[in-house]
Amino acid sequence: MNTIRAVVKGVGHYLPERVVPNTEFEKTLDTSDEWIRSRSGIERRHFAAKGEMTSHLAIHAARAALADAAINADQVDAIIVATSTPDQTFPSTATRVQSALGMTTGFAFDVQAVCAGFVYALANANALILSGQASTVLVIGAETFSRLLNWNDRTTCVLFGDGAGALVLQAANGVGTAADRGILATDLHSDGRYNDLLYVDGGVSSTQSTGVLVMEGREIFKHAVQKLAQTAESALAKAGVTDDDVDWVVPHQANLRIIRATAQKMGIPMDRVVVTVQDHGNTSAASIPLAMSVGRARGQIKQGDLLVAEAIGGGLAWGAVVLRW
Ligand code: ACO
């Protein structure tokens, strides 16, 4: 049966120049490189420079992905930016990217599902392509979480970083089996009863200020392992494949212990998991496309490989995407 698939044509990423090692936090907080490494796996992260905005990171990543795809911006029908740290309350960061790329056609919008944002954005891009509303979609995850952190809270500020990653997806014909390249299944969830586990204590309609990130780390940890393994398994089942078929798990990069525990629950060895958390920290919606781009550059991810990407974040919102690269 002839089926339209949203196929990855290109990938790219961008990290701000400034690299901040764990030892930097020892100067101002009661913490240590040893604690941060052993509890989270994080060794360093990048922070955006003063004046460097989420759209700037997104534009760099978008250009890299377009170059990798050998596609011009005027061939793109839609841009989706997954972010919780937009340049402005409105308009969308995606429209700033659109303008910087010189695109005067098509449409652009942001998706906000915190750390699950990229998975949500991929599901939206897939739906646009399958419904015929777009044939080439640029999907970007971009964040400047350094702008939301409470620098006096050692339980949160050591965990996050800034960055961006992007994929170019394009419609292609498949035969309707799991052997097709492209997105094979998506699985999305949210449960607003857990709003208080991870939030920013400000906002336009509540405080008219930005606020800072607040997190119940231990509680999130428990939800994460169970929900991530469940959504990944559910997406794999929808795609008609099993754990054994998976070449690469590309998890949200929040904590190495969560990544390991989830892989173990799925019965997938760590040599089939792309791990970048040590170098990037948690870059929220940017973490999965960053990991895909780095995994591709390292020679881990190859054309034809079966990937499952899974993420969870504030909301709680979580989900997974199965795709053949
Ligand atoms: N340095 C030193 N000590 C610290 C630090 C720090 N940076 N942070 C916390 N501690 C202390 C705590 O105060 C606590 O001390 P106490 O026992 O005297 O109270 C002790 O270390 C242990 O704290 P726990 O919270 O139990 O540590 P845990 O092993 O759970 O690790 C962590 C904490 C890393 C936050 C972990 O719970 C975690 O990663 N949770 C998930 C967070 C996550 O994934 N969030 C992202 C998902 S959504 C999104 O990305 C937006």
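Residues numbered from 1 in each chain as written. Predicted model: local features only at pLDDT ≥ 70, side-chain atom pairs only at ≥ 80, totals over all residues. Heavy atoms only, no water.

**Examining unusual backbone geometry**
Rules: Strands here are runs of E lasting at least two residues and helices are runs of H or I lasting at least four, both read from the DSSP assignment and numbered beginning at the N terminus.
Residue P91 is reached from F90 by a cis peptide bond, and omega for that bond is 0°. Checked against the element boundaries, P91 lands in the loop between β4 (78–82) and α4 (93–100). Residue L316 is bonded to the preceding G315 through a cis peptide linkage, with omega at -15°. By the element assignment, L316 lies in the loop between β12 (306–313) and β13 (317–324). One non-glycine residue, V114, lies in positive phi territory at about 45°. By secondary structure assignment, the location of V114 is in the loop between β5 (107–111) and α5 (117–130).

**Quick look at the nonpolar core**
Quick note on the threshold: In this text, buried Ala, Val, Leu, Ile, Met, Phe, Trp, Tyr and Cys residues form a nonpolar core when linked through side-chain atoms within 4.5 Å. For every residue, the accessible area obtained with a 1.4 Å probe (protein chains only) is divided by the maximum for its type, and the residue is called buried under 20%, exposed over 50%, and partly exposed between those limits. An automatic or database domain assignment supplies the residue ranges for each domain.
Counting residues in each nonpolar core, the largest one holds 49 residues, and the members touching the most others are V308 and V322. Going through the elements one at a time, β8 (182–190), α6 (217–239), α7 (256–266), β12 and β13 are the ones with two or more residues in this core. Looking at which domains feed residues into this core, each of domain 1 (3–174) and domain 2 (182–324) supplies at least three. By size, the runner-up hydrophobic cluster in this structure holds 38 residues, among which are F118, A285, I301 and A317.

**Let's talk about helix α3 (residues 54–69)**
Heads up, the condition is: An expected span of 1.5 Å times one less than the residue number is assigned to each helix. Contacts between residues were defined by any pair of non-hydrogen atoms, one from each residue, lying within 4.5 Å.
When the terminal C-alpha atoms of α3 are compared, their 22 Å separation across 16 residues agrees well with the 22 Å that a helix rising 1.5 Å per residue should span. Taken together, the buried positions of α3 are occupied by T54, S55, L57, A58, I59, A61, A62, A65, L66 and A69. Close packing links the buried residues of α3 with β1 (3–14), α4, β6 (136–144) and β7 (162–174).

**Re the packing of aromatic side chains**
Note the threshold: Each aromatic pair joins two rings of Phe, Tyr and Trp (for Trp, the six-membered one) with centres within 6.5 Å, and gets the label stacked for planes under 30 degrees apart, edge-to-face for over 60, and tilted for any other angle. We count a charge as sitting over a ring when the NZ of a lysine or the CZ of an arginine lies within 6 Å of the ring centre and within 35 degrees of the ring normal.
Tallied over the entire structure, the rule returns 3 aromatic pairs. Plain terms: the ring middles of F47 and W151 are 5.5 Å apart, the flat faces sit at 80° to each other, and that makes the pair edge-to-face. Placement of F47 in strand β3 (residues 44–47) and of W151 in the loop between β6 and β7 is noted, with a sequence separation of 104 residues between them. On the basis of an interplanar angle of 5° and a centroid distance of 6.3 Å, the ring pair of F107 and F109 is categorised as stacked. Taking the relative accessible area as the measure of exposure, F107 reaches 32% and is therefore partly exposed. The exposure class assigned to F109 is partly exposed, which follows from its relative accessible area of 26%. Over the ring of W318 we find K227; its NZ or CZ atom is 5.2 Å from the centre of that ring.

**Quick notes on the pattern of salt bridges**
Note the following rule: Between Lys or Arg on one side and Asp or Glu on the other, a salt bridge is scored when a side-chain nitrogen of the former is within 4 Å of a carboxyl oxygen of the latter.
Per the stated rule, a full pass over the model turns up 11 salt bridges. For the salt bridge of K238 with D187, the shortest nitrogen-to-oxygen distance reads 2.9 Å. Of this pair, K238 sits in helix α6 while D187 sits in strand β8; the two residues are 51 residues apart in sequence, bridging distant segments of the chain. Accessibility expressed as a relative area gives 51% for K238, which makes it exposed. Residue class for D187 comes out buried when judged on its relative accessible area of 4%.

**So, the site of the ligand**
Definition in use: To be near a molecule or strand, a residue needs just one of its heavy atoms within 4 Å of it. N or O atoms closer than or at 3.5 Å make up a polar contact, with two conditions inside protein: a donor-capable atom paired with an acceptor-capable one, and, for residues adjacent in sequence, both atoms drawn from side chains. The protein chains shown are the only cover counted for residues, whose accessible areas, like all others here, come from Shrake-Rupley with a 1.4 Å probe. When residues are grouped by polarity, Ala, Val, Leu, Ile, Met, Phe, Trp, Tyr, Cys and Pro land in nonpolar, Asp, Glu, Lys and Arg in charged, and all others, Gly among them, in polar.
Residues in contact with the ligand amount to 25 residues; listed here are only the nearest, T31, R39, C115, N255 and N282. R257 places a side-chain nitrogen or oxygen 3.2 Å from an oxygen atom of the ligand. A distance of 2.6 Å is found between an oxygen atom of the ligand and a side-chain nitrogen or oxygen belonging to N282. Look at the ligand: alone it shows 1000 Å² of surface, and the protein chains cover 78% of it. Looking at the shell around the ligand, the elements that each hand over two or more residues are α2 (33–40), α6, α7 and β12. Of all the elements, α6 adds the most residues to the shell around the ligand, at 4 residues. Taken together, the residues of the shell around the ligand break down into 13 nonpolar, 7 polar and 5 charged. Each of domain 1 (3–174) and domain 2 (182–324) contributes no fewer than three residues to the shell around the ligand.

**Comments concerning the packing of α6 against α7**
The test is simple: Each axis is a line fitted through C-alpha atoms, taken for helices only over the stretch in contact, and angles between the N-to-C directions span 0 to 180 degrees. Oblique is the label for every angle not falling under 35 degrees (roughly parallel), over 145 degrees (roughly antiparallel), or within 65 to 115 degrees (roughly perpendicular). Should the near helix be turned anticlockwise from the far one by less than a right angle, the crossing is termed left-handed; should it be turned clockwise, right-handed.
The contact between α6 and α7 brings their axes to 9 Å, and the two run at 45°. Viewed along their axes, α6 and α7 adopt a mutual orientation that is oblique. Considering the relative orientation of α6 and α7, their crossing is right-handed. Contacts between α6 and α7 involve F221, A224, V225, Q226, L228, A229, A232, E233 and L236 on the former and, on the latter, R257, I258, A261, T262, K265 and M266. Broken down by class, the residue content of the contact of α6 with α7 amounts to 10 nonpolar, 2 polar and 3 charged.

**Observations concerning the domain arrangement of the protein chain**
Where interface size is given, it is often the accessible area lost as the parts come together that is meant. Put simply, the test is: Take the accessible area each of two parts loses on contact, using a 1.4 Å probe, and add the two losses: that sum is the buried area.
Along its sequence, the protein chain is organised into domain 1 (3–174) and domain 2 (182–324). Summarising the inter-unit geometry, the C-alpha centres of domain 1 and domain 2 are found 14 Å apart. Across the contact, 51 residues belong to domain 1 and 47 residues belong to domain 2. Summed over both partners, the interface of domain 1 with domain 2 comes to about 3700 Å²; 68% of that surface belongs to carbon and sulfur atoms. Looking at the side of domain 1 facing domain 2, the largest losses of area belong to C115, V119 and L148, adding up to 17% of the total buried there. Linking domain 1 to domain 2 there are 1 salt bridge. Here D279 makes a salt bridge to R44, at a shortest N to O gap of 2.4 Å. The tally of links from domain 1 across to domain 2 stands at 15 residue pairs in polar contact (both at pLDDT 80 or more). Sort the elements by how many residues they give to the side of domain 1 that touches domain 2 and β1 lands first, with 8 residues.

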